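Next come the chains, spelled out residue by residue.
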Amino acid sequence: MHAESLKLAAQWEQELGDPRQSDALLCFADTLREDEAEVFPQTSLEQLRRLGLFDQLVPSRLGGQLQEPERILTLSRILSRRDLSTVIAFGQTLLGSLPIWLAGSPAQQAAHARSLRAGGLACLALTERAHGSDILSTEFRVEAEADGQHLRIQGEKWLINNGSRGASATVLACQHHADGRKELVLLRLSRPEPDADPSWHSLPKNATHGIRGADISGFALQDHRCLAADVSLPRQEPALNLVLKTLQISRILCAGFSLGATDTLLRLTLEFASQRQLYGKTVTQIPAARAKLAHSYARLLCNDLLAQACTRAIARLPAELSVLSPICKYQLPVSCEAVARELAQVLGARHYLRSQDALGMFQKMARDLQVVSLFDGSTQVNLGLLAAQLRQLQPTLLQCWQEGSSAREALLEDARALLRSEAAACDWPDSKDLRLSSQGQDRLMQAYLVWRREPGACEGAVSEEGAVASALHALDQRLQQCLSEIEQHFWVQRLPVDSCAAQQLAVDYARLWSACALALAWSFAQESSSTVAAPQLDSDLLLEGLRQTLPDLRIPACEARDQRLLEAALSCVKQRRLFSLSPLPAAW
Ligand SMILES: Cc1cc2nc3c(=O)[nH]c(=O)nc-3n(C[C@H](O)[C@H](O)[C@H](O)COP(=O)(O)OP(=O)(O)OC[C@H]3O[C@@H](n4cnc5c(N)ncnc54)[C@H](O)[C@@H]3O)c2cc1C
């Protein structure tokens, strides 16, 4: 991450303070109380506004500070360590803003920037009660009036985060033209003051399993009238494309929610396990508990790497986000949920208690965390998106493995820019930089293959001996197997992309991608000793990460490795650092 972003991250942590203390902003006690009472986190959002954090959501050309995608990821992560209800309302504001930043008119962008900088929330309203993920069936109806200037709108959007509190809503609608044509369009609607306009009706909040204070509601419009120039986003490209491009970015940034919440789950559990005495020793000395803690730590760092790589790709490889964003959105929330389940076992009975002390946060975070795999395209939807691209990806990858690539050095340089802990990637892409398909390109996977064809040709290459060499060999074989299964499935048998086998291949590919990224990052970490004050990507982390990401590699578990990983995790807690490969200080 850029030095300026690292500095800001440290400052935010400091300003937000130790959430276990009652005088901290976003303190656990208030958060738990609000959750029990299902109160919207308005006070916390007001604190974020006072800290100037809404400016981070607004592009610099509009007076804000939205600069480096990884900075947003880190901000989301820092807030998610404290309260997902707050950050999901805040993050939804960015989601509702992305289409405006990508394609809004100058006047719409200026109005939206003003609203956000005043602390106004936004939302992206795609879902309708009758259609769920099937957004092509959108019914929310728009018609132009005879004067050609006004629109008349009716319909309902349901299950919308910030649905009744957002100052604005970015809405996917279906325009019915006079000639009978129907067209999906995007609108930026300003919500009128409550009760000021009978044509706008806010739906009641839905009670939810987690993020209980969140405003998961919606709105229904009846003959709502507005000026087309104010609300219709310019149609330089189909609205559906713009929605898909928006989601390519937001699905990656969702990683911040999962990483932050899992950081708190691990920290709480480590503190408990290192203090809790049983049978004359601490819980950390019980081998099964120690293993779960060590594995959770390793998995969290691997997820951190995945999130960093995909977030940097927003700036560095925007044309490949159609592949990377479903990988990240599938892999990361699912993996963090698995970590939460492991940690719950270590915490024992206390994970089940809705106590009002800091440990009571465990059950809230574990509940809240589960929402991430649901929204912004569910796990199944993301696997479907990835499955649909495997056919095109396979020939390029096979060629890289069999023949190498004349772009070898460029591929490895791109991979370094995504994976080195010191790397930084600052720009936000324009809509034209984003593509609905990567046209068969997955440069990181290609980089892995050209590296493995000639590992010795890498700068600073190290000899891979013993466990690492055999793990990487097993990974190579697993990848070859996956590529031949893709060929068989999509090229030979020509089976449909929504078949169960295709979904399984998407799962395999997503896991392999994470594993290959980890292996490449490990090799880059060997090239020069890192000066970054953060956990190192050493062979312990590599082996444990590969073991968990791809159990079928059959990498043996190792108690000595678990012990070293546990010590590294405890040292993060002691030195007050986030569980991250980036040097991120933690106020707690
Ligand atoms: C807390 C919360 C906040 C939300 N916030 C918003 C928001 O701000 N804006 C918004 O627009 N929506 C929001 N949603 C809605 C969310 O995005 C929906 O859950 C989503 O649209 C999917 O709808 P569904 O879960 O009802 O499932 P459906 O789409 O009805 O799917 C039913 C079943 O079909 C499967 N399925 C659907 N499509 C596929 C596919 N392509 N491949 C394989 N299986 C498939 C699903 O996995 C599921 O098993 C939110 C939901 C929640 C719970």
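As the structure is a prediction and not an experimental result, all values here were calculated from the model.

**Focus: the domain arrangement of the chain**
- Structurally, the chain comprises domain 1 (3-117), domain 2 (124-237) and domain 3 (244-574).
- With eight residues of domain 2 in contact, the opposing surface of domain 3 contributes 10 residues.
- For the domain 2 and domain 3 pair, buried surface summed over both sides reaches about 760 Å², with 55% attributable to carbon and sulfur atoms.
- Counting the surface domain 2 buries against domain 3, the share from its top three residues, His209, Ile211 and Arg212, is 52%.
- For the pair domain 2 and domain 3, the interface holds one salt bridge.
- A salt bridge links Glu237 to Lys245; the nearest nitrogen and oxygen atoms lie 2.8 Å apart.
- Taken together, the residues of the side of domain 2 that touches domain 3 break down into three nonpolar, three polar and two charged.

**Points about the UniProt feature "domain: Acyl-CoA dehydrogenase/oxidase C-terminal" (unreviewed entry) in the chain**
- In the numbering used here, UniProt assigns the "domain: Acyl-CoA dehydrogenase/oxidase C-terminal" (unreviewed entry) feature to residues 241-390.
- The straight-line gap between the two end C-alpha atoms of residues 241-390 is 20 Å; of that span, 75% is helix and 3% is strand.

**Here's the deal with the site of the ligand**
- The ligand sits among 15 residues. The nearest are Gln92, Leu124, Leu126, Thr127 and Ser133.
- The separation between a nitrogen atom of the ligand and a polar main-chain atom of Leu159 is 3.0 Å.
- One of the backbone N or O atoms of Asn161 is found 3.0 Å from an oxygen atom in the ligand.
- Within the complex, 62% of the 960 Å² of free accessible area of the ligand lies under protein.
- Those elements that provide at least two residues to the shell around the ligand are β1 (124-125), β3 (150-161) and α13 (379-403).

**Here we look at the pattern of salt bridges**
- Per the stated rule, a full pass over the model turns up 41 salt bridges.
- With its nearest N and O atoms 3.0 Å apart, the salt bridge here joins Arg235 to Glu183. With a gap of 52 residues between them, Arg235 in the loop between α7 (228-231) and α8 (239-253) and Glu183 in strand β5 (residues 182-190) connect regions that are remote in the sequence.
- On the basis of relative accessible area, Glu183 is assigned to the partly exposed category, the value being 24%.
- Taken together, the salt bridges that share partners define one network made up of Glu13, Arg81, Arg82, Asp263 and Arg267.

**Examining the nonpolar core**
- Within the largest apolar cluster, 172 residues are counted, with the highest numbers of intra-cluster contacts made by Leu419, Leu475, Tyr509, Trp513, Leu520 and Leu546.
- Ranked by residue count, the leading element in this core is helix α17 (residues 500-527), at 17 residues.
- In contact with Leu475, other than residues within four places in its own chain, are Tyr448, Leu512, Ala515, Cys516, Ala519, Leu546, Leu550 and Leu553.
- Membership of the second largest hydrophobic core comes to 19 residues, among which are Phe140, Ala169, Leu187 and Phe219.

**Structural notes on the packing of aromatic side chains**
- In this structure the tally under the stated criterion is seven aromatic pairs.
- A network of ring pairs unites the aromatic residues Phe140, Trp200 and Phe219 as a single cluster.
- If you follow Arg452 out to its NZ or CZ, it ends over the ring of Trp451, 5.3 Å from the centre.

**Examining the state of the cysteines**
- This structure, assessed with the given rule, holds zero disulfides.
- Cysteine Cys426 remains unbridged, with the sulfur of Cys310 as its closest cysteine sulfur at 18 Å.

**Thoughts on the environment of Pro551**
- Structurally, Pro551 can be placed in the loop between α18 (539-549) and α19 (559-574).
- A residue is classified by how much of its surface remains accessible, and Pro551, at 52% relative accessible area, is exposed.
- Along the sequence, Pro551 and Ala587 sit 36 residues apart, while their C-alpha atoms lie 35 Å from each other.

**Concerning the pairing of β3**
- Looking at chain direction, strand β2 (residues 141-144) and β3 are connected through four bridges and run antiparallel. Bridged to Ala144 within β3 is Leu151.
- Where β3 lies against strand β7 (residues 216-227), 10 bridges are found, and the strand directions are antiparallel. Paired with Lys157 across the two strands is Phe219, which belongs to β7.

**With respect to the packing of helix α16 (residues 466-492) against α18**
- Taken N-terminus to C-terminus, the directions of α16 and α18 make an angle of 35°; their axes are 11 Å apart at the nearest point. At the point where α16 passes α18, the crossing takes the left-handed sense. Of the residues in α18, those touching α16 at Ala467, Val468, Ala471, Leu472 and Leu475 are Ser539, Leu542, Leu543 and Leu546.
- Counted by class, the contact of α16 with α18 contains eight nonpolar, one polar and no charged residues.

**Describing the packing of helix α5 (residues 84-103) against helix α6 (residues 106-117)**
- As a packed pair, α5 and α6 sit with axes 10 Å apart at the nearest point and diverge in direction by 160°. Between α5 and α6, the angle is such that the two are roughly antiparallel. Between α5 and α6 lies a crossing whose hand is left-handed. For the pair α5 and α6, contact is made by Thr93, Gly96, Ser97, Ile100 and Trp101 and by Gln108, Gln109, His112, Ala113 and Leu116, respectively.
- Of the residues assigned to the contact of α5 with α6, the class counts are four nonpolar, six polar and no charged.

**Here's the deal with the UniProt feature "domain: Acyl-CoA dehydrogenase/oxidase N-terminal" (unreviewed entry) in the chain**
- Within the UniProt annotation, "domain: Acyl-CoA dehydrogenase/oxidase N-terminal" (unreviewed entry) is assigned to residues 35-113.
- Annotation note: span residues 35-113, helix share 66%, strand share 0%, distance between end C-alpha atoms 30 Å.

**Things to note about helix α4 (residues 69-80)**
- If you check α4, its first and last C-alpha atoms are 17 Å apart, about what 12 residues at 1.5 Å a residue would give, namely 16 Å.
- Where burial is concerned, most of α4 is hidden: 12 out of the 12 residues are buried.
- By the burial criterion, the buried members of α4 are Pro69, Glu70, Arg71, Ile72, Leu73, Thr74, Leu75, Ser76, Arg77, Ile78, Leu79 and Ser80.

Cut-offs and rules
Residues numbered from 1 in each chain as written. Predicted model: local features only at pLDDT ≥ 70, side-chain atom pairs only at ≥ 80, totals over all residues. Heavy atoms only, no water. Domains from an automatic or database assignment. Contact = heavy atoms within 4.5 Å. Buried area = accessible area lost by both parts, 1.4 Å probe. Salt bridge = Lys/Arg side-chain N within 4 Å of Asp/Glu carboxyl O. Nonpolar A, V, L, I, M, F, W, Y, C, P; charged D, E, K, R; others polar. UniProt positions renumbered as here; feature names shortened; annotations may be inferred. Helix = DSSP H or I, 4+ residues; strand = E, 2+ residues; numbered from the N terminus. Near = heavy atom within 4 Å. Polar contact = N/O pair within 3.5 Å; in protein donor to acceptor, adjacent residues only side chain to side chain. Areas by Shrake-Rupley, 256 points an atom, 1.4 Å probe, with all protein chains shown as cover. Buried < 20%, exposed > 50% of the residue type's maximum accessible area, 1.4 Å probe, protein only. Core = buried A, V, L, I, M, F, W, Y, C linked by side-chain atoms within 4.5 Å. Phe/Tyr/Trp six-rings, centres within 6.5 Å; stacked < 30°, edge-to-face > 60°. Lys NZ or Arg CZ within 6 Å of the ring centre and 35° of its normal. Disulfide = S-S within 2.5 Å. Pairing = 2+ DSSP bridges. Axes fitted to C-alpha atoms, helices over the stretch in contact; angles between N-to-C directions. Left-handed = near helix turned anticlockwise from the far one by under 90°. Parallel < 35°, antiparallel > 145°, perpendicular 65-115°, else oblique. Expected span 1.5 Å × (residues − 1).

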